[in-house]
Each structure stands twice: as C-alpha cells, then as structure tokens.
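Spelled out from the first residue to the last, the chains are:
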Amino acid sequence: MKGKGFFEKVYKIVRRIPSGKVMTYGQIAEILGSKDARKVGWALHSNKDPKVFCHRVVNKKGKVAANYAFEGWREQKRRLLAEGVTFTDETHVDLGKHLCATID
DNA sequence: AAAGTGACGCATT
DNA sequence: TAATGCGCCACTT
C-alpha cells in the first residue's frame, strides 16, 4: 500500500465529507480532474481504512452501492441513518438535503 | 508491456 | 419508463 496516486486523492476527499452529508462518485471524479466515476468507486472498493467514510459516497441518483463490500447496502444505509441522513426511498439518499457541494 | 477489471454516468433504443 | 451499450482511465496481474 504505498500511496497510489489516484486512490489516495479519492480517500483524501472522502475523509473530508462531513457527517450527515454525502457526495457522488462523479462529483469526486470531477474534483480530481477526471471523468471516470467508476475509478472512484473502484478506489473505495479497495479501501479498508475506517477513516475513509465510503458509506457517504453514493451514485448520481442518490442510490447506495448495490455491491457494497462489507455488509451489503443495508449496512451503508444503517450508517447513514445513524448520522441523520434521510432517504427518499429504500435505497435512495435525499440528495436535496444532504449532497455536499464540493469540499475544497 | 498488454490485457483485464471496475462501488458509474449518460445516450440511445 | 426500463433496459442495454459504451466511454472513461488508473490499478493489477
């Protein structure tokens, strides 16, 4: 694990997402100057660092990751609810209230 | 060095 | 409206 360029940048941003807020893959990719949202999701998939709040990252529709690594999307949802994030649907975060508009 | 992989996003059918 | 296709680009083997 020695800082892989892109991965580390992704982690750095995700670590800075405040509690009760969420960001999208595409949004993070854009901050990094990329257009590849998939790469962002992949970076998080590799990640195991509890400091990186990967549960605060959702897709553009606000939907939680269907293939969330640890306990499945329900675990991700549970963590978000615990932080005060509300859902519009069983699997969709209320982006209107919790989307973080860029960190930097 | 080349090919494969991937937690997405958007256009088109 | 839902489903499918394809581009995107760093990382791994």
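Everything quoted here is computed from the prediction, not taken from an experiment.

Undergrad: Tell me what's going on with the overall build of chain A, and back it up with residues and numbers.
TA: The helix and strand inventory of chain A stands at 5 helices and 2 strands. The secondary structure elements of chain A, listed N-terminal to C-terminal, are α-β-α-α-β-α-α. Looking at the 104 residues of chain A, the share that counts as buried comes to 41%. The contacts of chain A with a sequence gap of at least 6 include a subset with a gap of at least 24, amounting to 62%.

Undergrad: I'd like to hear about the protein's contact with DNA strand C, residue by residue, with values.
TA: Taken together, the neighbourhood of DNA strand C is formed by Lys4, Gly5, Phe6, Phe7, Ser34, Asp36, Arg38, Lys39 and Trp42. Each atom of DNA strand C within 4 Å of the protein was classed as base or backbone; sugar and phosphate made up 47%. At a separation of 3.1 Å, a phosphate oxygen of DNA strand C approaches a polar backbone atom of Phe6. Tallied by class, the residues present in the surface near DNA strand C amount to 3 nonpolar, 2 polar and 4 charged.

Undergrad: Could you give an account of helix 1 (residues 5-15), naming the residues involved and the relevant values?
TA: Those residues of helix 1 lying buried are Phe7, Val10, Tyr11, Ile13 and Val14. Projected onto a plane normal to the axis of helix 1, the buried residues spread over an arc of 165° and lie on a single side. On its buried face, helix 1 is in contact with strand 1 (23-24), helix 2 (25-31), helix 3 (37-46) and strand 2 (57-58).

Undergrad: Break down the packing of aromatic side chains for me, citing the residues and quoting the values.
TA: Within this structure, the stated rule accounts for 2 aromatic pairs. Consider the rings of Phe7 and Trp42, whose centres lie 6.2 Å apart with planes at 70°: the pair is edge-to-face. In this pair, Phe7 sits in helix 1 while Trp42 sits in helix 3, placing the two residues 35 residues apart along the sequence. The class of Phe7 is buried, set by a relative accessible area of 18%. Feature note: the residues Phe7, Tyr11 and Trp42 constitute an aromatic cluster, connected by ring pairs. Positioned above the aromatic ring of Phe53 is the side chain of Arg56, whose terminal nitrogen or guanidinium carbon lies 4.0 Å from the ring centre.

Undergrad: Help me get a handle on the state of the cysteines, residues and values and all.
TA: Per the counting criterion, the structure on display carries 0 disulfides. Note on Cys54: no disulfide assigned, nearest cysteine sulfur contributed by Cys100 at a separation of 16 Å. Cys100 gets classed as buried once you look at its relative accessible area, which sits at 10%.

Criteria and cut-off values
Here the residue numbering is sequential within each chain, running from 1 through the sequence in written order. Ligands are numbered from 1 and chains lettered from A, in the order in which they are written. At least 70 in pLDDT is required for a residue's local features to be given in this predicted model, at least 80 for side-chain atom pairs to be given and counted, and no such filter applies to totals for whole chains, interfaces and linings, which use all residues. Only hydrogens and water are set aside; all other atoms, that is, all heavy atoms of the structure, feed into the side-chain values. Under the DSSP-based scheme used, a helix requires at least four consecutive residues in state H or I and a strand at least two consecutive residues in state E, with every element numbered from the N terminus. Working definition: with a 1.4 Å probe on protein chains only, accessible area under 20% of the residue-type maximum means buried, over 50% means exposed, and in between means partly exposed. Should any heavy atoms of two residues lie within 4.5 Å, those residues are counted as being in contact. We call a residue near a molecule or strand as soon as one heavy atom of that residue lies within 4 Å of the molecule or strand. Distance and chemistry together define a polar contact, namely a pair of N or O atoms within 3.5 Å, with one atom able to donate a hydrogen and the other to accept it when in protein, and with adjacent residues in sequence counting only for side-chain atoms on both sides. Here the term charged refers only to Asp, Glu, Lys and Arg, the term nonpolar to Ala, Val, Leu, Ile, Met, Phe, Trp, Tyr, Cys and Pro, and the term polar to all other amino acids, Gly among them. This arc is taken over the directions from the axis of the helix to the C-beta atoms. Think of it this way: a Phe, Tyr or Trp ring, Trp meaning its six-membered ring, pairs with another when their centres are within 6.5 Å, and the plane angle makes it stacked under 30 degrees, edge-to-face over 60, tilted otherwise. Lysine and arginine charges are scored as sitting over a ring when NZ or CZ, respectively, is within 6 Å of the ring centre and within 35 degrees of the ring normal. Note on terminology: pairs of cysteine sulfur atoms within 2.5 Å are recorded as disulfides.

Remember that the coordinates give geometry; whether it matters functionally is a separate question.
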